[in-house]
Amino acid sequence: MDRMEPEDVPYEPWFQGHRAGEAQLLKEKEQAADTDPLLSVLVPAFHTPARFLEELIDSVEAQSYQNWELVIADAGAADDEKDGEQSVRSVMAKREKKDPRVRYVPLADNFGIAENTNRAIAAARGTYIGFLDHDDLLEPDALFEMMKAARERGADMLYSDEDKISADGSKHFQPHFKPEFNLDLLRSNNYITHFLVVKKALAEEAGGFDPELSGAQDHDFIFRCAEKAEGIARVPRILYHWRTHEASTADNPMSKTYAYEAGKKAVEGSLRRAGEKGTVELLPDFGFYRVRYPVNGCPKVSVIIPNKDEHEALDQCIRSVLDTNYPNLEIIIVENNSTERETFEYYRKLSQSNEENIRLVRWRKGFNYSAINNYGVSFARGDYFLFLNNDVRGTISTDWLTEMLGVCQRPDVGAVGAKLYYPDNKVQSAGIVIGIGGIAGSMFVDLPRGRGGYMHKASIMQDLSAVTAACMLVKREAFEKAGGFTEELAVAFNDVDFCLKIGQCGYRIVYDPYAELYHDESRTRGAEDTKEKVRRFQSEIEYMRSHWTDILIHGDPNYNPNLSLKKWNYSLKV
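Cut-offs used in this document
- Residues numbered from 1 in each chain as written.
- Predicted model: local features only at pLDDT ≥ 70, side-chain atom pairs only at ≥ 80, totals over all residues.
- Heavy atoms only, no water.
- Helix = DSSP H or I, 4+ residues; strand = E, 2+ residues; numbered from the N terminus.
- Buried < 20%, exposed > 50% of the residue type's maximum accessible area, 1.4 Å probe, protein only.
- Contact = heavy atoms within 4.5 Å.
- Axes fitted to C-alpha atoms, helices over the stretch in contact; angles between N-to-C directions.
- Parallel < 35°, antiparallel > 145°, perpendicular 65-115°, else oblique.
- Nonpolar A, V, L, I, M, F, W, Y, C, P; charged D, E, K, R; others polar.
- Polar contact = N/O pair within 3.5 Å; in protein donor to acceptor, adjacent residues only side chain to side chain.

(A) Structural detail: the environment of I396. Note that I396 resides in the loop between β16 (392-393) and α15 (400-408). By relative accessible area, which is 24% here, I396 ends up partly exposed. Distance in space between the C-alpha atoms of I396 and L271 is 28 Å, their sequence separation being 125 residues. Each residue touching I396, except ones within four places of it in the same chain, is listed here: Y421, R449, E516, L517 and Y518.

(B) Structural detail: the environment of E310. For E310, the location among the structural elements is in the loop between β12 (301-307) and α12 (311-322). By relative accessible area, E310 is classed as partly exposed at 27%.

(C) Local environment of the packing of α12 against helix α13 (residues 341-351). At a minimum axis distance of 9 Å, the contact between α12 and α13 shows a crossing angle of 30 degrees. Relative to α13, α12 is oriented roughly parallel. When α12 is examined against α13, the residues H311, L314, D315, I318 and R319 are found in contact with a partner set consisting of E342, T343, Y346, Y347 and L350. Tallied by class, the residues present in the contact of α12 with α13 amount to five nonpolar, two polar and three charged.

(D) Expanded view of the side chain of S429. Along the polypeptide, S429 turns up in strand β18 (residues 427-429). A distance of 2.9 Å separates the side chain of S429 from the side chain of S442, its partner in a polar contact. Non-local contacts of S429, meaning those with residues more than four positions away in its chain, are made with A418, K419, L420, S442, M443 and T468.

Below you can see the structure in the form of structure tokens.
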């Protein structure tokens, strides 16, 4: 899998054009007030090269936000004589005289990154604390943007977008544009990392950093802060530069292989504290994890398949359901005005096959995907509904249904979507983002199977605002609370609208890439090539615009406003 796909838009000129200019920084400085809370920037240092430390301090002193302190906790203080003028102590002695907001905290020994950071937290005087690695840099508006978001959104935990910077500081690359807080993504990868700012009281309540999880102490700390935070805010700006050089994890993942085992334990801790059962596995790509959620009991799953003709595709679809390793299911075929003789012959064979868990019900009105599925649900006896298109087949593996059910059984999950491929093994849908193409669109279309896409997002579990109903498992109670599918949306966007309604009811929508199936998209519906169909499509667009105005204007929280709405591969917005 590729962590970063090739850039459609060159990043360096994009970044230079989007950073805060001098006029903006001056305006921010003028907004300083006596009521601005003190923000402590904490840096655990250990034999930091003098040049890197000087540049770090410069980046903090250049901040447009004025009420800060920089706390350098030096774990190499005992070795200062060996480092001479290049020591952290000697650099800090000069910088403390120049700016009293820069504070040097020598440590008696190197207690490890977690405990060294805890000592810095104890020394901090600020209401908020932010964490900066000893060789990294902040943008000059970083603290201002963080404290602005804390004030406007009432957040006690905040993070920003970030990128990487070359050792000599001349090149910015590999930007990481992040969603709002996303629990399942965080269990797949520590996507938050930098720039993290939390209230000091929250850090203390969370218990600080755990020395037992050295290497992934930040991942674990983020989980524990998030579990207790009153408000979590993402600031969608590149505010942090992660320096890469031979020894850094940013440039050389093999430099901290022990950290990935610690990360596994951090994810396990998140599951344990949440009372969720799950087995955590390391993925081949360092720093990425898979959680397998076991099925609890054996609840009935009602599989609802609308069908009009296409009996061969329907047969493949039914066989792939029956071939799954899940025993307690029923299949409800909603017959929708078929005309071919072969289709009715196939139905007769099904009725004679002694498959007691297959039922045929007839929909006698015109095609309306939402109404047909709601009609199918009226016959369902299951606790979970699997909405499945007749041209979907799960021939890749036999455990896709149990995979989805284990995720959907989690108390706060309302719906789970699969990863679907065209027959040529290219992605048809890897989740849906609101706003793509105007209203909503599937991500990573035509990405070859086996490729991970931007930050592996095509291939790791995460929360999304919507998933495709071509293969979507829904909890009965979530379906009922959401009121089922909106029948005004006969063809387009009904699954998007349905997922958004489930989200409004407080449930999580999960994209599960480990449930993989093939899909011959919309082969039974026909082209949108008549005046009536075009008129209907426009009316459905207007329905979405009028009913989901807020998310369409302000953006999908599980996406990033810096990313394109015209492409579906996480390209930069031009």
